[in-house]
Amino acid sequence: MRKKIIAGNWKMNTTREQAEILGSEVVNMVADEVNSDALVVIAPPFVHLSLVGKHVLPHPNVYLGAQNCSQHEKGAYTGEISVEILQSVGVEYIILGHSERREHAGETNEVLAAKVDSVIAGEITPIFCCGESLEVREAGTEIDFVSKQLTESLFHLSAEDLKKVVIAYEPIWAIGTGKTASSQQAQDMHAALRAHLAGKYGQDVANEISILYGGSVKPANAEELFGQPDVDGGLVGGASLKSRDFVDIVKSMA
Ligand code: PGA
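Rules used in this analysis
Residues numbered from 1 in each chain as written. Predicted model: local features only at pLDDT ≥ 70, side-chain atom pairs only at ≥ 80, totals over all residues. Heavy atoms only, no water. Core = buried A, V, L, I, M, F, W, Y, C linked by side-chain atoms within 4.5 Å. Buried < 20%, exposed > 50% of the residue type's maximum accessible area, 1.4 Å probe, protein only. Contact = heavy atoms within 4.5 Å. Near = heavy atom within 4 Å. Polar contact = N/O pair within 3.5 Å; in protein donor to acceptor, adjacent residues only side chain to side chain. Areas by Shrake-Rupley, 256 points an atom, 1.4 Å probe, with all protein chains shown as cover. Nonpolar A, V, L, I, M, F, W, Y, C, P; charged D, E, K, R; others polar. Helix = DSSP H or I, 4+ residues; strand = E, 2+ residues; numbered from the N terminus. Pairing = 2+ DSSP bridges. Expected span 1.5 Å × (residues − 1). Salt bridge = Lys/Arg side-chain N within 4 Å of Asp/Glu carboxyl O. Axes fitted to C-alpha atoms, helices over the stretch in contact; angles between N-to-C directions.

With 66 residues, the main nonpolar core has Ile 94, Leu 150, Leu 154, Ile 167, Tyr 213 and Phe 226 as its most contacted residues. Ignoring anything within four residues of it in the chain, the contact list for Leu 150 reads Phe 128, Cys 130, Phe 155, Ile 167, Leu 193, His 196 and Leu 197. Core analysis: the second largest hydrophobic core is formed by 14 residues, Tyr 63, Tyr 93, Ala 168 and Leu 212 among them.

Structure (structure tokens):
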């Protein structure tokens with residue numbers, strides 16, 4: 001059975017005070033209201049990880065996530081954060097290759113392959129993001145494009161290591177735009193990606209990989225998206241900044 005996961009990516013939002021309030025509210029609401037096997041991941045900005053971790057770490061179903069990490073182990077990389085540093089504050093999931101990092105920080109499939117290796121070596125779960133631009137979708141080549149992102153960043157892994165990866169399909173045209181992919185568009189891509197994984201690793205391995213959908217997930221569309229057979233949860237941006245909305249999304253996965 002693959003894991004069902006709802007991850008909240010706070011991006012570059014929240015002051016210290018806001019982070020503490022949001023983190024504690026989410027954990028308390030999940031504890032009071034959610035009765036399912038879905039895992040919840042909260043990824044605040046780096047500087048708030050320890051603070052938010054105080055609330056998150058005691059809860060058995062809520063995990064601390066980071067939004068990025070360096071591919072390097074340690075040393076002279078000013079401004080960067082290593083897997084080991086993140087591990088030392090309780091991080092168990094790391095989002096890699098978000099389209100905003102691909103665009104603004106120039107992260108390539110090759111760099112991401114190295115980051116995936118570092119995260120797996122640190123025994124942390126990578127949430128590997130992939131997704132196409134509107135231009136690619138309009139050209140009708142989105143499945144080839146996203147499959148190539150998987151091939152170039154993940155296909156060097158052994159089957160055993162691939163099973164440690166969570167994939168998040170996030171069409172760029174749906175991120176922060178209010179424009180969600182239809183549940184059918186999400187299902188079609190997720191099924192295509194699973195078939196792509198199966199082509200290399202076999203169906204049994206592909207069936208074990210959780211594939212999350214991201215891009216304007218909100219309480220109003222979550223249930224339908226998560227109802228698709230190949231959609232195993234969500235990576236949530238904007239709606240993860242409101243505790244009520246985020247927990248309602250988590251409840252849709254139940
Ligand atoms: P959004 O962001 O939910 O605000 O569209 C999703 C993401 O970027 O992970």
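Past the structure itself, the notes keep going.
Further remarks concern the site of the ligand. Around the ligand lies a shell of 13 residues, among which Lys 11, His 98, Glu 170, Gly 176 and Ser 216 are the nearest. The contact in question runs from an oxygen atom of the ligand to an N or O atom on the side chain of His 98, over 2.6 Å. Separating an oxygen atom of the ligand from a backbone N or O atom of Gly 237 is a distance of 2.9 Å. If the ligand stood free it would expose 290 Å²; the protein chains cover 95% of that surface. The class makeup of the residues in the shell around the ligand is 4 nonpolar, 7 polar and 2 charged.

Glancing now at the pairing of strand S5 (residues 125–130). Where burial is concerned, most of S5 is hidden: 6 out of the 6 residues are buried. Pairing analysis gives 4 bridges linking strand S4 (residues 91–96) to S5, with the strands arranged parallel. Among the inter-strand pairings, Tyr 93 is bridged to a residue of S5, identified as Thr 125. Pairing analysis gives 4 bridges linking S5 to strand S6 (residues 166–169), with the strands arranged parallel.

Each full turn of the α-helix corresponds to 3.6 residues, which orients residues three or four apart in the same direction. Between its terminal C-alpha atoms helix H5 (residues 109–121) stretches 18 Å, which fits the 18 Å expected from 13 residues at 1.5 Å a residue. Along H5, the residues that are buried comprise Asn 109, Leu 112, Ala 113, Lys 115, Val 116, Ser 118, Val 119 and Ile 120. Elements in contact with the buried residues of H5: helix H3 (83–88), S4, helix H4 (99–104), S5, helix H7 (142–154) and helix H8 (159–162). Just downstream of H5, Glu 123 is the residue with a positive phi angle, here 60°.

As a further point, take the pattern of salt bridges. Taken as a whole and assessed by the stated rule, the structure comprises 16 salt bridges. Note that Lys 251 is salt-bridged to Glu 33, the shortest N-O span being 2.8 Å. Taken together, the residues Lys 251 in helix H12 (residues 243–253) and Glu 33 in helix H1 (residues 16–33) connect sequence positions 218 residues apart. Classification of Lys 251 by relative accessible area gives partly exposed; the value is 36%. On the basis of relative accessibility, which here comes to 30%, the residue Glu 33 falls in the partly exposed class. Residue Glu 142 pairs with Arg 137 through a salt bridge whose shortest N-O separation is 3.6 Å. Linked by salt bridges that have partners in common, Arg 2, Arg 194, Asp 230 and Asp 232 make up one network.

Let us now look at the sheet that holds strand S2 (residues 39–43). Within the closed barrel, the 8 strands sit side by side as S1-S2-S3-S4-S5-S6-S7-S8. Their pairing is parallel. In this sheet, adjacent strand axes meet at a mean angle of 25° when their direction is disregarded. Along the sheet, helix H2 (residues 49–56) makes contact with S2, strand S3 (62–66) and S4, crossing S3 at roughly 165°. Strands strand S1 (5–9), S2 and strand S8 (233–236) of the sheet are contacted by H12, whose axis makes an angle of about 160° with S1.

Bringing unusual backbone geometry into the picture now. The backbone phi angle of Lys 11 is positive, close to 55°, even though this residue is not glycine. Among the structural elements, Lys 11 can be located in the loop between S1 and H1. The phi dihedral of Thr 14 is positive, around 85°, even though this residue is not glycine. With respect to the helices and strands, Thr 14 occurs in the loop between S1 and H1.

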